[in-house]
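So the chains spell out like this:
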Amino acid sequence: MDKVLARGSGTPTPRPRARTALTLAAAGVAVFAVTVAVATSASAGTTLGSSAAESGRYFGAAVAANKLSDSTYVGILNREFNMVTPENEMKWDATEPSQNQFNYTNGDRIVSHAQANGMRVRGHALAWHSQQPGWAQNLSGTALRSAMTNHVTQVATHYKGKIYAWDVVNEAFDDGGNGARRDSNLQRTGNDWIEVAFRTARTADPGAKLCYNDYNTDGQNAKSNAVYAMVQDFKARGVPIDCVGFQSHFNPNSPVPNDYQANLQRFANLGVDVQITELDIEGSGTAQADNYSKVVKACLAVSRCTGLTVWGIRDSDSWRASGTPLLFDGNGNKKAAYTSTLNALNGGGTTPPTTAPPTTTPPTTAPPTTAPPTTAPPTTPPAGGGCTATLSLNQWQGGFVTYVTVKIGASPANGWTVGLTLPSGAVITNTWSATPSGTTGTVTFRNVDYNGQLGAGASTEFGFQGNGVGPSGTATCTVR
Ligand code: XIL
């Protein structure tokens, strides 16, 4: 193992405590990022989503639009999960079956279901060698390059403000142990196709986190080393990348690697979030349960691991159904793997995720030498009952995303309400993980079903997107 690999020590990165503020007046861009240090205590959530939320994470599932009429399926989805990934409905062949003719019907159905039930959405996937429509498979060179950027622009614009994170590029590296890019029609348009896709996606939806997603990158190996080098290079050159997704499709021939956590950590150390994006583990009984537990614990030990998604709900829903790789059996009953996953999520003593990185275009002008006045964020839970709300504003010309961290004080909460006043002219266009009372002026945000009940000292995050200038001051917080 060389020195680069040895960085993956598995030790969580200390979370920054200070507010950083950057005003880019000339560019009309301001970024306020606040990160609050939080200690979580062991608690006992009763669903995957609520338990993950206790450490500020999400728990998601891949969802198929044609199963949204199956009441058993939807019952489990609504009860257990607070993030969804369309399993196929946002892929290129689904969204652009003929060139420049877009079909969002099934993707929209999943987004609507998610929004109506307080879940967020991971978009999957904008640029990929697989599941391309036939017309794109037949293109090459500049025609394919511009078809790709048009596709990214159109789809990311259609879903603008509704996507937590996009898998901008999926599976672009080779499995052969050579660390090379995968040969594909997209790769043959030029090595810069990946960064072009990321820049295009950022322009179309500046509020979405932009991820690179792949498989067989879950441990430290030639392929993950090559992805690591690309992410490092992107960060060094200001190519907008916010996260790396680890698909995590496991089976006896491809088990959970022992350096899984260390691998997540070394990517996080590059300054990106990491997410478990397509988890399934073939097997049964205790062995399968133990493997799920290992994966969850690895994510919870890495502060920038912001959540996990399983690739389907019941075994019978899986793309690998014969391997019974999921958390619910074909009848929708909880398996041993469900219980071990829930227990791991409830384990306590975990490291809460750090605040999302700014998602604005990198600065093009020097920031001012003095930061605007700031209030030190709380570093310990409020002493009494109550709660605190800390804002993190990501502002660009004409629009903003605000993330709000709600932190519960010394007494458990059954629910919370955050109040703030928007600057004049600001209009909220989309809110996730909370219900707003309005879209302008003074607005209160109430918890949704899965994130209201929080233990003492626990925290959760919600957010909203809008037009105009976003709020950067203080917010009130009350508990029920
Ligand atoms: C799979 C779906 O689950 C199947 O329904 C479909 O037939 C093929 O694609 N990596 C990915 C996912 O990024 O999009 C794939 O999903 C599984 C592997």
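Our subject is the structure that appears above.
Calculation rules
Residues numbered from 1 in each chain as written. Predicted model: local features only at pLDDT ≥ 70, side-chain atom pairs only at ≥ 80, totals over all residues. Heavy atoms only, no water. Near = heavy atom within 4 Å. Polar contact = N/O pair within 3.5 Å; in protein donor to acceptor, adjacent residues only side chain to side chain. Areas by Shrake-Rupley, 256 points an atom, 1.4 Å probe, with all protein chains shown as cover. Nonpolar A, V, L, I, M, F, W, Y, C, P; charged D, E, K, R; others polar. Pairing = 2+ DSSP bridges. Helix = DSSP H or I, 4+ residues; strand = E, 2+ residues; numbered from the N terminus. Axes fitted to C-alpha atoms, helices over the stretch in contact; angles between N-to-C directions. Buried < 20%, exposed > 50% of the residue type's maximum accessible area, 1.4 Å probe, protein only.

On to the site of the ligand, then. The environment of the ligand is made up of 13 residues, and the closest members are Glu87, Lys91, His124, Glu278 and Trp311. Note that an oxygen atom of the ligand is positioned 2.4 Å from one of the side-chain N or O atoms of Glu87. In this structure, an oxygen atom belonging to the ligand sits 2.9 Å away from a side-chain N or O atom of Asn170. For the ligand, the protein covers 78% of the area, taking 410 Å² as the surface of the free molecule. Considering only residue class, the shell around the ligand consists of three nonpolar, six polar and four charged.

The subject of this paragraph is the sheet that holds strand β14 (residues 416-421). Read from one edge to the other, the open sheet built from four strands follows the order β16-β17-β14-β19, with strand pairing classed as antiparallel. The open sheet has two edge strands, β16 (434-436) and β19 (476-479), and neither has a second partner. With direction set aside, neighbouring strand axes in the sheet form an average angle of 20°. With five bridges connecting them, β14 and strand β17 (residues 442-447) associate as antiparallel partners. Each residue of the ladder has a partner; that of Val418, found in β17, is Phe445.

Residue position: Gln465 is located in strand β18 (residues 459-467). In this structure Gln465 comes out as buried when scored by relative accessible area, which is 5%.

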